[in-house]
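Structural overview
Spelled out, the chains give:
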Amino acid sequence: MEEPTRLVVEATINNMDGQQNEEERDPESNSLHQPLLKRNRTLSSSPFALVGAKVSHIESLDYEINENDLFKHDWRRRSRVQVLQYVFLKWTLAFLVGLLTGVTATLINLAIENIAGYKLRAVVNYIEDRRYLVGFAYFAGANFVLTLIAALLCVCFAPTAAGPGIPEIKAYLNGVDTPNMYGATTLFVKIIGSIAAVSASLDLGKEGPLVHIGACFASLLGQGGPDNYRLKWRWLRYFNNDRDRRDLITCGSSSGVCAAFRSPVGGVLFALEEVATWWRSALLWRTFFSTAVVVVILRAFIEYCKSGNCGLFGRGGLIMFDVSGVSVSYHAVDIIPVVVIGIIGGLLGSLYNHVLHKVLRLYNLINEKGKLHKVLLALSVSLFTSICMYGLPFLAKCKPCDSSLPGSCPGTGGTGNFKQFNCPDGYYNDLATLLLTTNDDAVRNIFSINTPGEFQVTSLIIYFILYCILGLITFGIAVPSGLFLPIILMGSAYGRLLAIAMGSYTKIDPGLYAVLGAASLMAGSMRMTVSLCVIFLELTNNLLLLPITMLVLLIAKSVGDCFNLSIYEIILELKGLPFLDANPEPWMRNITAGELADVKPPVVTLCGVEKVGRIVEVLKNTTYNGFPVVDEGVVPPVGLPVGATELHGLVLRTHLLLVLKKKWFLNERRRTEEWEVREKFTWIDLAERGGKIEDVLVTKDEMEMYVDLHPLTNTTPYTVVESLSVAKAMVLFRQVGLRHMLIVPKYQAAGVSPVVGILTRQDLRAHNILSVFPHLAKSKSGKKGN
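No experiment lies behind these values; they were computed from the predicted model shown.

Before going further, it helps to spend a moment on the overall build of the chain. A count of helical and extended segments in the chain gives 27 helices and 11 strands. A total of about 32,100 Å² of accessible surface is found on the chain, and carbon and sulfur atoms cover 60% of it.

So, in C-alpha cells, the structure goes:
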C-alpha cells in the first residue's frame with residue numbers, strides 16, 4: 001500500500017470553505033496510534049484522503065438519477081431500439097470484462113510460474129552441486145531485480161497500483177471517488193508489477209491485484225478507453241455516468257476474484273459481501289455472467305497447458321485443492337478441534353490486523369521521505385525474504401522418503417513436493433519443500449491429503465513464524481500486493497500444527513486441518529463468511545466439508561469482531577477514505593438531522609432564474625457540489641391563490657459550471673422554453689464531470705445577465721424531515737447511494753425556508769459528529785453495542 005509524500009497539504013486545505021486548519025503536524029513526531037490524516041473537526045470541513053502517493057481532495061459520486069427536464073425529455077423520446085442497444089451493450093461489456101480479466105489472469109499465471117519456476121530450478125541445481133554461495137547469490141539477485149522492477153514502476157509511474165486496491169474499490173462502490181485508480185497506466189503497472197513481485201518470492205499474492213485489474217478493465221471499457229484516447233462511439237454515451245460505471249466495476253471485481261480462485265459463485269458473493277454497497281437482481285445476473293466467462297477462459301487455458309505447451313506451467317498457477325475423491329468423515333467429538341481452530345483463527349486474525357496497523361503507520365514515516373526511501377524499503381524487504389527462505393531450510397533435519405507418499409522423492413528440481421535441498425539421496429528437506437517453491441505450489445504442498453508425517457513440527461513452527469513476520473513487513477511496500485495468499489499460508493501452517501497436537505483424538509486428515517486453518521485465519525482477518533465458504537467449497541470440490549467450514553468461519557469472524565475491524569476497514573480508516581458503514585452507531589438515534597444542520601454553515605440557495613454574478617460569487621466562495629433551487633411567490637396549483645415558497649430541486653455544481661462555460665445567459669429574468677434548452681444542451685453534456693470556476697471567464701456585462709436553472713435542476717432530490725434521526729438518515733443515504741440529502745422543516749409556515757440544510761457523506765461520519773457533539777460518546781446509549 002503506497003503512502004503519501006506529505007501528510008497534509010495545508011495550503012490546499014486553507015482554500016476550502018475559507019476555514020483555517022490546525023498547524024501542520026510534524027511527521028517525525030507522528031504517533032503510531034494516530035490516523036494517517038488529521039480528522040475533520042467540523043461538519044463543514046473538506047474531505048482529504050490518501051490515494052496512491054498523494055493527499056487528494058475526495059468527492060462523492062453521483063449515483064442518484066438526476067431527473068431534470070433534459071433527462072425526462074430524453075427518456076420520453078428514447079425508442080425501443082435505443083433501449084435494446086442499452087441492454088445489449090450492458091451484457092456485451094460484462095462479457096468483455098470477463099474475457100479480458102480471464103485472459104490477463106492466465107498470462108499473469110503463465111509468466112509467474114515460468115519466471116519463478118526456472119529461477120527456483122536453477123537454485124536447486126546449484127545446491128545439488130554444493131555451490132551454496134552461488135545459489136544464494138543467484139536467488140537473492142533475481143529476487144532483488146524483480147522487486148526493483150515492481151517498485152520502480154509503482155513509485156515512478158503509477159503509485160495507485162501499489163497494494164491490493166480492494167479498499168479503494170470498496171470506497172468507490174460505496175460512493176467515494178478515488179482519483180487515478182482505474183487508469184490505463186495503473187492497469188499496466190498492476191499487471192507487470194504483480195508478475196515481478198510474486199515471482200520475486202515476496203510474501204504476497206496476485207489475488208488482490210487481480211481484483212483491481214478486473215475493476216480497471218471495467219472502468220476503461222465503460223468510458224471508452226483511457227482519458228486521452230477515449231472512443232466517441234455513440235453507443236457508449238449510455239455509460240457516461242457514475243451509476244452504470246459502478247455496475248461495471250462491480251462485475252470487474254467479481255471477475256478478478258473468480259480469476260484468482262477459479263470460483264465463479266465465490267466471485268459473485270465476494271462482490272456482494274465485501275466490496276459492493278449497492279446490489280440488485282439485474283446486477284447479480286451480469287456479475288455471474290462475467291465470472292462464467294472467466295471460468296471458461298481459465299478452463300480452456302488449463303486444458304491447453306496440459307499438453308506441455310506452457311513451459312513449467314502444469315498443475316501450478318491456479319490454486320486448486322481437489323479432494324472430491326477423498327472420503328471425509330467426522331463425528332461429534334471432532335466438533336471440539338473444529339471450534340478450537342475457529343477460536344484460534346479469530347484471535348490470530350485480529351492480532352494480525354492490530355500489528356499490521358502499527359506496521360503501516362511506521363511505513364508511512366519511511367515512505368513520506370521520498371521515492372528513494374520507498375524503493376529502498378521494498379529492496380530491504382526483498383533481501384530479508386531471500387536470506388530467510390534460502391537459509392532457514394538448512395536448520396531442518398532431513399527426512400527419509402516414504403514410499404507410500406505420492407510423487408517422486410526427492411523431486412527432480414522442478415515444482416512439487418519433496419525438495420532434496422542439501423539432503424542425501426533417499427531423503428528430502430520438508431522446510432525447503434515449503435519455502436523454495438512457488439506460492440501456489442506451497443499451498444498444494446501443505447494442503448496435501450494422506451500425508452500426516454510429511455512435515456515435522458519444528459519445520460511447521462519455523463514456517464508459520466516466518467510467514468507471520470514476512471506477511472507483516474511485506475504488505476505496505478511500494479509494489480502490487482495481495483493479502484489472500486499470505487493469510488492462507490499462515491493459516492494452513494497452524495492448521496497442520498493443530499492436527500499434530502490433536503493426534504489420535506480426531507480422524508480428520510491433517511490436510512483438511514490445513515484447509516480449515518486457512519479459512520479460519522482469513523475469516524478472522526478479513527471477516528468474510530459466505531463468499532469465503534463458497535470459495536473454499538469450490539476449491540476443495542467436496543460438499544462434505546461444508547458444515548465444518550461454515551462452523552469455523554462463523555466462529556472465527558465472531559471472535560475477530562470482538563477485538564477490531566477487518567483489515568480492509570482498517571486500511572480505509574488509515575487512508576481517510578470516507579466509507580459509510582452498513583450499521584450506524586447506537587448513539588446516532590439520539591441526534592436528529594435538524595441538529596446536524598444547525599451546526600453547519602447556513603445552506604446556500606439559488607433562485608430558479610438567477611443572476612450570473614450571484615452564481616459566480618457562490619461558486620467562488622463555496623466548495624459545495626449541490627445547491628437547492630428555491631422559487632418565491634409561486635402560486636400553488638391547489639389552495640388559495642397566494643404566493644408560496646417552492647423547493648424546485650437541487651442543481652449540481654458541474655451543471656452551473658457548464659452553463660457558465662457555454663454562456664447560456666438571458667438578458668431578462670424569465671423562464672426559458674423547452675426548445676431553447678435542447679438547442680444548447682444534451683443530457684450527455686450533463687453527465688460530464690470536472691472543471692473549476694477559475695477556468696471560466698465571465699465579463700462584467702455578463703455578470704448582470706440571468707440564467708434559468710429550472711431545466712437543469714433535479715426536481716426529485718431525496719429529502720428527509722428535520723426530526724429524522726441520524727441513524728435512519730445514514731441508512732437511507734448509504735442504501736440509496738446519495739451524494740446530497742436535503743433536510744426540510746417539520747412545520748410549514750409563511751416566511752419559513754423550504755429547506756433547512758443539506759447532509760453529505762462527511763456529515764454522517766461518526767468521528768465528525770462526535771467532534772461537534774462529544775457528549776454523545778459519553779452517554780449510556782453511546783456505548784458500542786451489537
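Spatially, 3 strands are ordered β9-β10-β11 in an open sheet, and the strand pairing comes out mixed. Each edge of the sheet is formed by a strand with only one pairing partner; in this case those strands are β9 (719–721) and β11 (757–759). Each strand axis lies, on average, 35° off the axis of its neighbour in the sheet, ignoring direction. Examined bridge by bridge, β9 and strand β10 (residues 741–744) share 3 bridges and lie parallel to one another. Its bridge partner lying in β10, Val720 is registered against Ile743. Its contacts with the sheet put helix α25 (residues 726–736) on β9, β10 and β11, and the angle it makes with β10 is roughly 145°.

Tracing the backbone shows Asn422 in the loop between β3 (399–400) and β4 (427–428). It is 7.7 Å that separates the C-alpha atoms of Asn422 and Arg130, two residues lying 292 residues apart in sequence. In contact with Asn422, other than residues within four places in its own chain, are Ile127, Arg130, Tyr132, Phe394 and Asn429.

With that settled, consider the state of the cysteines. A covalent bond bridging the sulfur atoms of two cysteines is what the word disulfide describes. Applying the stated criterion across every chain, the model contains 2 disulfides. The side chain of Cys305 participates in a disulfide bridge whose partner is Cys310; the two sulfur atoms lie 1.9 Å from each other. Handedness here is read from the sign of the S-S torsion; for Cys305 and Cys310, about -75°, the answer is left-handed. This pair shows no difference in class: Cys305 is buried, exactly as Cys310 is.

For the rest of this paragraph, the subject is the UniProt feature "transmembrane region" (unreviewed entry) in the chain. Mapped onto this numbering, the UniProt entry gives "transmembrane region" (unreviewed entry) at residues 88–112, 133–161, 283–302, 335–355, 375–396, 460–490 and 543–560. Secondary structure across residues 133–161 divides into 83% helix and 0% strand, with the first and last C-alpha atoms of the span separated by 35 Å. Structurally, residues 283–302 comprises 100% helix and 0% strand, and the distance from its first C-alpha atom to its last is 29 Å.

Once that is clear, we can look at the environment of Ile477. Along the chain, Ile477 turns up in the loop between α15 (457–474) and α16 (484–502). Separated by 326 residues in the primary sequence, Ile477 and Ala151 have C-alpha atoms spaced 8.2 Å apart.

A word on unusual backbone geometry. The residue Phe421 is not glycine, and still its phi comes out positive at about 55°. Mapped onto the fold, Phe421 is located in the loop between β3 and β4. You can call Phe421 buried: its relative accessible area is 5%. Of note, the phi angle at Arg527 is positive, near 65°, even though the residue is not glycine. Structurally, Arg527 can be placed in the loop between α17 (510–526) and α18 (530–540).

What follows concerns the nonpolar core. Soluble globular proteins: nonpolar side chains tend toward being buried together. Judged by nonpolar contacts, the single largest core of 141 residues is most densely connected at Tyr463, Leu483, Phe484 and Met526. Take this core: its biggest share by element is 12 residues, from α16. Formed jointly, this core draws a minimum of three residues from each of two domains, domain 1 (91–307) and domain 2 (332–363 + 394–575). Core analysis: the next-biggest nonpolar cluster, separate from the first, contains 27 residues, Ile615, Leu619, Val659 and Met705 among them.

Further remarks concern the side chain of Glu702. In this structure, Glu702 sits in the loop between α24 (674–680) and β8 (706–708). Overall, Glu702 belongs to the buried group, its relative accessible area being 17%. Within polar-contact distance, the side chain of Glu702 engages the side chain of Lys663 at 3.1 Å.

Turning to the packing of aromatic side chains, a few remarks are in order. Applying the stated criterion to the full structure yields 16 aromatic pairs. The interplanar angle of 70° and the centroid separation of 5.5 Å between the aromatic rings of Phe261 and Phe484 together place this pair among those described as edge-to-face. With Phe261 in helix α8 (residues 242–261) and Phe484 in helix α16, this residue pair connects regions lying 223 residues apart in the sequence. Here Phe261 falls in the buried class, since its relative accessible area comes to 2%. Positioned over the ring face of Tyr63 is Arg246, at 4.3 Å from the centre of the ring.

It is worth spelling out the confidence of the model for the chain at this point. Of the residues in the chain, 87% reach a pLDDT of 70 or more, and the chain-wide mean stands at 85. Per-element confidence in the chain is highest for helix α4 (residues 132–156), whose mean pLDDT is 96, and lowest for helix α1 (residues 10–15), whose mean pLDDT is 37. Low pLDDT (under 50) marks residues 1–31, which in the prediction has 88 contacts with non-local residues, meaning those over four places away or in another chain. Note that residues 780–786 has pLDDT below 50 and, in this model, 9 contacts with residues that lie over four places away or in other chains.

Relative to the assigned elements, Ser531 resides in helix α18. On the accessibility criterion, Ser531 (0% relative accessible area) is buried. Those residues in contact with Ser531, other than ones at most four positions away along the chain, are Gly266, Leu269, Phe270 and Glu273.

In this section: helix α9 (residues 264–275). Taking 1.5 Å of rise per residue, the 12 residues of α9 would be expected to cover 16 Å, and the 16 Å separating its terminal C-alpha atoms lies within 8% of that figure. If you check which residues of α9 are buried, you get Pro264, Gly266, Gly267, Val268, Phe270, Ala271, Glu274 and Val275. The N-capping residue of α9, defined by a side-chain oxygen 3.2 Å from the backbone nitrogen of Gly266, is Ser263.

Take the pattern of salt bridges next. Enumeration over the complete set of coordinates arrives at 18 salt bridges. As a salt-bridge pair, Arg527 and Asp561 come within 3.3 Å of each other at their nearest N and O atoms. Highlighted residues: Arg527 in the loop between α17 and α18 and Asp561 in helix α19 (residues 546–561), separated in sequence by 34 residues. Note on Arg527: relative accessible area 6%, which makes it buried. Across the pair Lys663 and Glu702 runs a salt bridge whose closest N-O atoms are separated by 3.1 Å. Here Lys663 is found in the loop between α23 (653–662) and α24, whereas its partner Glu702 is found in the loop between α24 and β8, with 39 residues between them in sequence. Look at the salt bridges and you will find they share partners, linking Arg246, Asp247, Arg280 and Arg286 into a network.

At a closest axis distance of 11 Å, the pairing of helix α22 (residues 612–621) and α23 adopts a crossing angle of 130°. Considered as vectors, α22 and α23 are oriented oblique to each other. Judged by the sense of rotation from one axis to the other, the crossing of α22 with α23 is left-handed. In this structure, α22 uses Val612, Ile615, Val616 and Leu619 to contact α23, whose residues at the interface are Arg653, Leu656, Leu657 and Leu660.

Two elements in contact, helix α11 (residues 335–367) and α19, have axes whose closest approach is 7 Å; the angle formed by their N-to-C orientations is 35°. The two elements α11 and α19 cross, and the hand of that crossing is right-handed. Facing Ile335, Val338, Val339, Ile341, Gly342, Ile343, Gly345, Gly346, Leu347 and Ser350 of α11, the residues of α19 in contact are Ile548, Leu551, Val552, Ile555, Ala556, Val559 and Gly560.

Next up on the list: the pairing of strand β2 (residues 54–57). Inspection of the sheet shows strand β1 (residues 48–51) paired to β2 by 4 bridges, in the antiparallel sense. Paired with Phe48 across the bridge in β2 is His57. Hairpin connection from β1 to β2: 2 residues lie between these consecutive antiparallel strands, with Gly52 at a positive phi of about 70°.

Cut-offs applied
Along each chain, numbering runs from 1 in the same order as the chain's sequence is written. The predicted nature of this model means local features are confined to residues of pLDDT at least 70 and side-chain atom pairs, given and counted, to a pLDDT of 80 or more, with totals for whole chains, interfaces and linings taken over all residues. By convention in this description, side-chain values take in all heavy atoms of the structure and omit both hydrogens and water. The secondary structure listing takes helices from DSSP runs of H or I that are at least 4 residues long and strands from runs of E that are at least 2 residues long, numbered from the N terminus. Method for areas: the Shrake-Rupley scheme with a 1.4 Å probe, in which residue coverage is limited to the protein chains shown. For two strands to be treated as a pair, DSSP must find no fewer than two bridges joining them. Axis definition: a line fit to C-alpha positions, over the contact stretch in the case of helices; interaxial angles, taken between N-to-C directions, run 0 to 180 degrees. Any two residues whose heavy atoms approach within 4.5 Å at even a single point are treated as in contact. What counts as a disulfide here is a pair of cysteine sulfur atoms lying within 2.5 Å. Note on classification: 1.4 Å probe, protein chains only; a residue is buried when its accessible area is under 20% of the maximum for its type, exposed when over 50%, partly exposed between these limits. UniProt positions are given in the numbering used here, feature names are shortened, and annotations may be inferred rather than shown by experiment. Only buried residues count toward a nonpolar core. Its members are Ala, Val, Leu, Ile, Met, Phe, Trp, Tyr and Cys residues joined through side-chain atoms within 4.5 Å. Boundaries between domains were set according to an automatic or database domain assignment. Side-chain atoms alone can form a polar contact between residues adjacent in sequence; in general such a contact is a pair of N or O atoms within 3.5 Å, and within protein one must be able to donate a hydrogen while the other accepts it. Two rings belonging to Phe, Tyr or Trp (six-membered ring only in the last case) form a pair when the distance between their centres is within 6.5 Å. Interplanar angles under 30 degrees mark stacking, angles over 60 mark edge-to-face geometry, and anything in between is tilted. Look at NZ for Lys and CZ for Arg. If either is within 6 Å of the ring centre and within 35 degrees of the ring normal, a charge sits over the ring. For every residue, the pLDDT score states the predictor's confidence, bounded by 0 at the bottom and 100 at the top. How far a helix is expected to stretch is found by multiplying one less than its residue total by 1.5 Å. The term salt bridge refers to a side-chain nitrogen of Lys or Arg lying within 4 Å of a carboxyl oxygen of Asp or Glu. Roughly parallel means an angle under 35 degrees; roughly antiparallel means over 145; roughly perpendicular covers 65 to 115; every other angle is labelled oblique. Put simply, a crossing is left-handed when the front helix is turned counterclockwise from the back one by less than a right angle, and right-handed when it is turned clockwise.

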